Amino acid sequence: MTEYSVSPAGEEFVIPSKQEYAAEFERVEALVNTARQEGKEIVVVMGVGFVGVVMAAIIADTVDKQTGKAGKFVIGCQRPSTRSYWKIPLLNKGLSPVKAEDPEVDPMIQRCVLEKKTLIATYNNDCLKLADCVVVDVQCDYTKNDLGNMRTGKVEMAALEATVKTIGEKVPPHCLTLICLIHKGFLANLLRL
């Protein structure tokens, strides 16, 4: 049975089958090899939701102050679920999968994907094997049960725990891993500064 992921605009994307993973990894690996030949570091951003896609674009858009050249090649990695797979093909077209208040986000993503070619997206988490650095931006929400009382709430850790386990199984020993626990409201305010 074919499964689909549907974007907020109603566009349907077929969830990749297990048979497609090898070809996807070959695509990503070829792009990484080219980036390495250009002297770029490889950064994998796990999760391309509101926080992750902006983080990925900011990293992909950075340049060396002396040379003016991009020093990073960024891979946004999102699991291929029916809820979120649609973000990958949109991002690979240079389209932001999130709507940000900051007017710089959409042009930055388009520039990094289509012009600078420093940002791609994939569903194959084997891309972690190629990483020099991993930035974790997966859902880790905190729910307060009582207003003003942090002790009665809970943190939804399942996505973070699963991601960290996958990272531990796949990254090379030299890889730096950063976990970003930024509330999306905080990031929106930060981008407005």
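Residues numbered from 1 in each chain as written. Predicted model: local features only at pLDDT ≥ 70, side-chain atom pairs only at ≥ 80, totals over all residues. Heavy atoms only, no water.

Colleague: Explain the nonpolar core to me, and be specific about the residues and the numbers.
Modeller: Soluble globular proteins: nonpolar side chains tend toward being buried together. Among the nonpolar cores identified, the biggest contains 30 residues, and Val 74 and Leu 119 are the most heavily contacted of them. Per-element accounting of this core gives the leading share, six residues, to helix H2 (residues 50-61). When residues no more than four places from it in sequence are discounted, the contact partners of Val 74 are Val 43, Val 45, Ala 56, Ile 59, Ala 60, Thr 118, Leu 119 and Ile 120. (Core = buried A, V, L, I, M, F, W, Y, C linked by side-chain atoms within 4.5 Å. Buried < 20%, exposed > 50% of the residue type's maximum accessible area, 1.4 Å probe, protein only. Helix = DSSP H or I, 4+ residues; strand = E, 2+ residues; numbered from the N terminus. Contact = heavy atoms within 4.5 Å.)

Colleague: Which residues make up the side chain of Thr 166, and what values go with them?
Modeller: Mapped onto the fold, Thr 166 is located in helix H5 (residues 158-170). According to the relative accessible area criterion, Thr 166 is buried, its value standing at 17%. Leave out the neighbours within four places in its chain, and Thr 166 touches Asn 125 and Leu 128.

Colleague: Provide a residue-level description of unusual backbone geometry, including the pertinent values.
Modeller: Non-glycine residue Lys 117 carries a positive phi angle of around 55°. Within the secondary structure, Lys 117 sits in the loop between helix H4 (105-115) and strand S5 (119-122).

Colleague: Run through the sheet that holds strand S4 (residues 72-77), naming residues and quoting values.
Modeller: Taking strand neighbours across the sheet as the criterion, the five strands line up as S5-S4-S3-S6-S9 in an open arrangement whose pairing is parallel. Every other strand in the sheet has two partners, leaving S5 and strand S9 (176-179) as the edge strands with one partner each. Across the sheet, the axes of successive neighbouring strands diverge by a mean angle of 20°, strand direction being ignored. Judged from the four bridges that link them, S4 and S5 form a sheet pairing that is parallel. The residue of S5 that forms the bridge with Gly 76 is Ala 121. (Pairing = 2+ DSSP bridges. Axes fitted to C-alpha atoms, helices over the stretch in contact; angles between N-to-C directions.)

Colleague: Give me the lowdown on the packing of aromatic side chains, citing residues and values where you can.
Modeller: Scanning the model with the defined rule gives two aromatic pairs in all. With 4.9 Å between their ring centres and 70° between their planes, Tyr 21 and Tyr 123 make a pair best called edge-to-face. With Tyr 21 in helix H1 (residues 21-37) and Tyr 123 in the loop between S5 and strand S6 (133-136), this residue pair connects regions lying 102 residues apart in the sequence. A residue is classified by how much of its surface remains accessible, and Tyr 21, at 18% relative accessible area, is buried. Overall, Tyr 123 belongs to the buried group, its relative accessible area being 8%. Arranged with centres 6.0 Å apart and planes meeting at 65°, the rings of Tyr 85 and Tyr 123 form a pair that is edge-to-face. Within this pair, whereas Tyr 85 is found in the loop between S4 and helix H3 (87-92), its partner Tyr 123 is found in the loop between S5 and S6, the two being separated by 38 residues in sequence. With respect to burial, Tyr 85 and Tyr 123 carry one shared label: buried. Here a set of aromatic residues connected by ring pairs shows up, and it is made of Tyr 21, Tyr 85 and Tyr 123. Here the guanidinium or amino end of Lys 18 rests over the ring plane of Tyr 21, the centre of that ring lying 4.6 Å away. (Phe/Tyr/Trp six-rings, centres within 6.5 Å; stacked < 30°, edge-to-face > 60°. Lys NZ or Arg CZ within 6 Å of the ring centre and 35° of its normal.)

The quantities given are spatial measurements derived from coordinates; they are silent on function.
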